[in-house]
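# A closer look at the structure
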Amino acid sequence: MKNLKTLIVFALMMVQIEGVMAFCGFYVAKADAKLFNNRSEVILVRNGNRTVVTMSNDFKGNVRDFAMVVPVPVVLSEHDIRVVNRSIFDKLNDYSAPRLVEYYDEHPCAPIMREESVLEFSKTMQANYTSMDLAFNLNEDYGVAIEAEYQIGEYDILILSATESDGLRRWLTDNDYTIPQDADEVLNPYIKSNMKFFVVKVNLEKVASQETEYLSPIQITYSSDKFMLPIRLGMANADGPQDLVVYALTDQGRVECANYRTVQLPTDRNIPTYVKSKFGEFYKSVFERSWKYEGQNAVFLEYAWDVSPQNRVKCDPCVGPPPIQGDLAEAGVNWLNSTGKAYFTRLHVRYERDKFPQDLQFQVTPNKERYQARYVVTHPASGDFTCDEGQAYLKDLEMRRSKEVDELRVLTGWVTKHQSGYINEFSNRRLDRQDLEEERNEFIPTGSSGGKGPGGNQFPWTLPIVFVSLAFFIGLTSRLVKKLEAVRSVS
Amino acid sequence: MPLHTLVQERRFSTPVIFKDPRLFQLTALGSFLIFGILQLGWQHDIKRFLTLISFTLLAQCLAIVALKLPIDSWKSGLISGLGLCLLFHSSSFWVLALAPIIAIGSKYLIRWKGTHIFNPANFGIVIPLLLTNEAWVNTGQWGSGVMLAFFFASAALMVLMKVGRIDTSVTFLLTLFALESLRSVFYLEWDFDVVFHKMMNGSVLLFAFFMITDPRTTPNRMKGRIIWAALIGVLSFALTSVFYLHTAPIWALFIATPFTLFMNHLFGGKTFNWKPISHITKQFKQ
């Protein structure tokens, strides 16, 4: 009897199955916490209408259970498909991940320069897939045609075209795939849009062990005016929101979404030093809060930078080594010898069916502005603070820490019982302690989280309020201009 | 006390922005911009807005001085400037300075039978897109939403009731909606919310209610306007679905400009002229 074969057609990339779930999210420093679950990664390279899509493949388990279906706009030829080294994803991720920067205060009584340091922000992630061997039998009754068949790396690849979704679904079912019911509905629009289906399984003879922990990412290259990611297929079987991280490389500038808002995450914020040990959790909260605040239907910019070989400052500060020419070539950048320019964008999308009815459409813009999601902790100076500058420093330190705690609350909604201890950590070293009680009340943040920025809910009535205020302003200006005109006509 | 007595005794006067549709339009576009800055994360773009608005006003002032125009024309100038702010992007200062000059310049330099033919904001967007590598339009920047549609539509309605160009918006939106529905829902078999999401896109709505309704660059007769707006709808649809052009409506309007002249030739009609005070207020004054 054949094994149970379950196929989940995943957005861009994959066939996913229950039971083998192994999305690990990503780790911060030594924290072993699971962060973004249901997360997948894609490298998108775009130059003119040439697109290179690299799909991460962190499948773990028996390779017999792996399969993947990707809608593609054209029939791919053999040299348009290749396998690449997994390390390219780790490299791009380490380089562009949201970062925590540490600064050290100079000693106020005897200033000494200290250098900044950066907390390494590394992560791992896994996708979970499953499926079965593909039985490459063609039956004309299905209306399914095998356009091409290749063996590349450890994979057997088929490119299918179909005339109707029912046939394709039956073909997959009869070849022992279990298609989620909802996927059937989404298959039709792709078939009608003349998309082909890129179906992948592992060639068991090409892998040393069936229990491998490593399958190569697959890279496909095609020319098409469409610059998009078909996320709708992946929603067919989704249980809750899914995270997608896109690393985009272009010869022009930033990549942005053309049919959803592309929003920058709050950046360059000073946060308390105690966040350092749980920076991963912190960033997860920042993202989640921003995602909710923006209506759960925006695409978030996490990083944008010029990574051209001649650009010396590829990050500031760097959390991972910047991609070198070889890495860019591995990702599919083939124009460096002619133009020498490459721009990197990292986008993070958390999508689900209700909020993302359309596939993600992208556009390349000439925007070369840098951006990074960067958070700062500043360590206090230590030693003797009895000099005047030292006393002033302690006062400022309390103020600063109070602001950091407020910032943390606005960014993440976190309110901890340690925060007043954190603010007043150095208070006992102040010589004017008798005045402290009074001042302290000002420093300790009170009230619930909220206010502006990611935290409060979006307020839809801003527009009419702004409208009315502006109407008054414009009314006044207009009267003024009329008077001016009257003066001109008199003179 | 009856309303007309109040008005006659001037205890109650119509707010000035209701007297002049241009002022109302300025208020609407201005509030969209401030809304974007406050709510949609456009605060990073304030420099861009300031550059665009300053150069628009500068160009308009030059035109006022050089051509001895009424000072009143600052309103149309600023409307074009705000239109640019809401659609046009560039990271180059020179392109941001040039776009408003092109927009305002087109009003006074490219004329046919005593009136300008290109929609100034549209011209100011398309020319930098064609000639430089530094400009872009972000069609996703508004997101897509019912609330947005409601505010856009109601603000536009107030302007269009005065200038009588609501037919253009409605025809364009209906044409696009019909074609999109036929393609996406009936042919491709997407769910209806795909079409809804496309039609509720802020950039499409802004274009429909505020760009193709400029009374000076739309055909004079209603018949002409309906054919013209439907043509823009068809062109937008074709450019989106065949060439995957996200900025399709902007190009469609640009391409359709010569047709305005043709429609006016075909159906005649008088060129629209802005009047600072509406007929209604005049009647009250009398």
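## Overview of the sheet that holds strand β9 (residues 196–202) of chain A
All names here are of chain A. The antiparallel open sheet is built from four strands, whose spatial order is β3-β9-β8-β7. With partners counted over all chains shown, the strands left at the sheet margins are β3 (67–72) and β7 (144–152), one partner each. Direction aside, neighbouring strands of the sheet carry axes that sit 20 degrees apart on average.

## Notes on the interface of chain B and chain A
The interface of chain B with chain A comprises 43 residues on the first partner and 43 residues on the second. Within the residue set of the side of chain B that touches chain A, elements represented by two or more residues are α2 (16–19), α3 (21–39), α8 (146–163) and α10 (192–199) of chain B. At ten residues, the largest contribution of residues to the side of chain B that touches chain A is made by α3 of chain B. Each residue belonging to the side of chain B that touches chain A can be placed in one class, and the counts come to 21 nonpolar, 16 polar and six charged.

## Quick notes on helix α10 (residues 462–490) of chain A
Look at α10 of chain A: 42 Å from first C-alpha to last across 29 residues, which is about the 42 Å you get at 1.5 Å a residue. Among all positions in α10 of chain A, only Leu463, Val466, Phe467, Ala471, Ile474 and Ser478 of chain A are buried.

## A closer look at the domain arrangement of chain B
Buried accessible area, meaning the area lost when the parts come together, often serves as the stated size of an interface. Residues and elements named next belong to chain B. Along its sequence, chain B is organised into domain 1 (21–137) and domain 2 (146–267). Taking only C-alpha atoms, the centre of domain 1 and the centre of domain 2 are 21 Å apart. Each partner contributes to the interface: domain 1 provides 19 residues, whereas domain 2 provides 19 residues. Top contributing element to the side of domain 1 that touches domain 2 by residue count: α3, with five residues. Here the residues of the side of domain 1 that touches domain 2 are counted per class, giving 13 nonpolar, six polar and no charged.

## So, the environment of Arg22 of chain B
Residues and elements named next belong to chain B. Following the sequence through the fold, Arg22 ends up in helix α3. Here Arg22 falls in the buried class, since 23 other C-beta atoms lie within 10 Å of it. Arg22 sits 225 residues away from Thr247 along the chain, and the two C-alpha atoms are 26 Å apart.

## Quick notes on helix α13 (residues 248–267) of chain B
Residues and elements named next belong to chain B. When the terminal C-alpha atoms of α13 are compared, their 27 Å separation across 20 residues agrees well with the 28 Å that a helix rising 1.5 Å per residue should span. Along its length, α13 shows its largest kink, about 40 degrees, at Thr257, and proline Pro258 lies within four residues downstream of that point. For α13, every residue scored as buried is listed here: Ala248, Pro249, Ile250, Trp251, Ala252, Leu253, Phe254, Ala256, Thr260, Met263 and Asn264. Residues of α13 that are buried make contact with α7 (120–131), β4 (135–137), α11 (202–211) and α12 (222–243).

Conventions used here
- Residues numbered from 1 in each chain as written.
- Chains lettered and ligands numbered in written order.
- Predicted model: local features only at pLDDT ≥ 70, side-chain atom pairs only at ≥ 80, totals over all residues.
- Pairing = 2+ DSSP bridges.
- Helix = DSSP H or I, 4+ residues; strand = E, 2+ residues; numbered from the N terminus.
- Axes fitted to C-alpha atoms, helices over the stretch in contact; angles between N-to-C directions.
- Contact = placed C-beta atoms within 7 Å.
- Nonpolar A, V, L, I, M, F, W, Y, C, P; charged D, E, K, R; others polar.
- Expected span 1.5 Å × (residues − 1).
- Buried ≥ 20, exposed ≤ 12 C-beta atoms within 10 Å, placed from the backbone.
- Domains from an automatic or database assignment.
- Bend = angle between axes of the 7 residues up to and from the residue.

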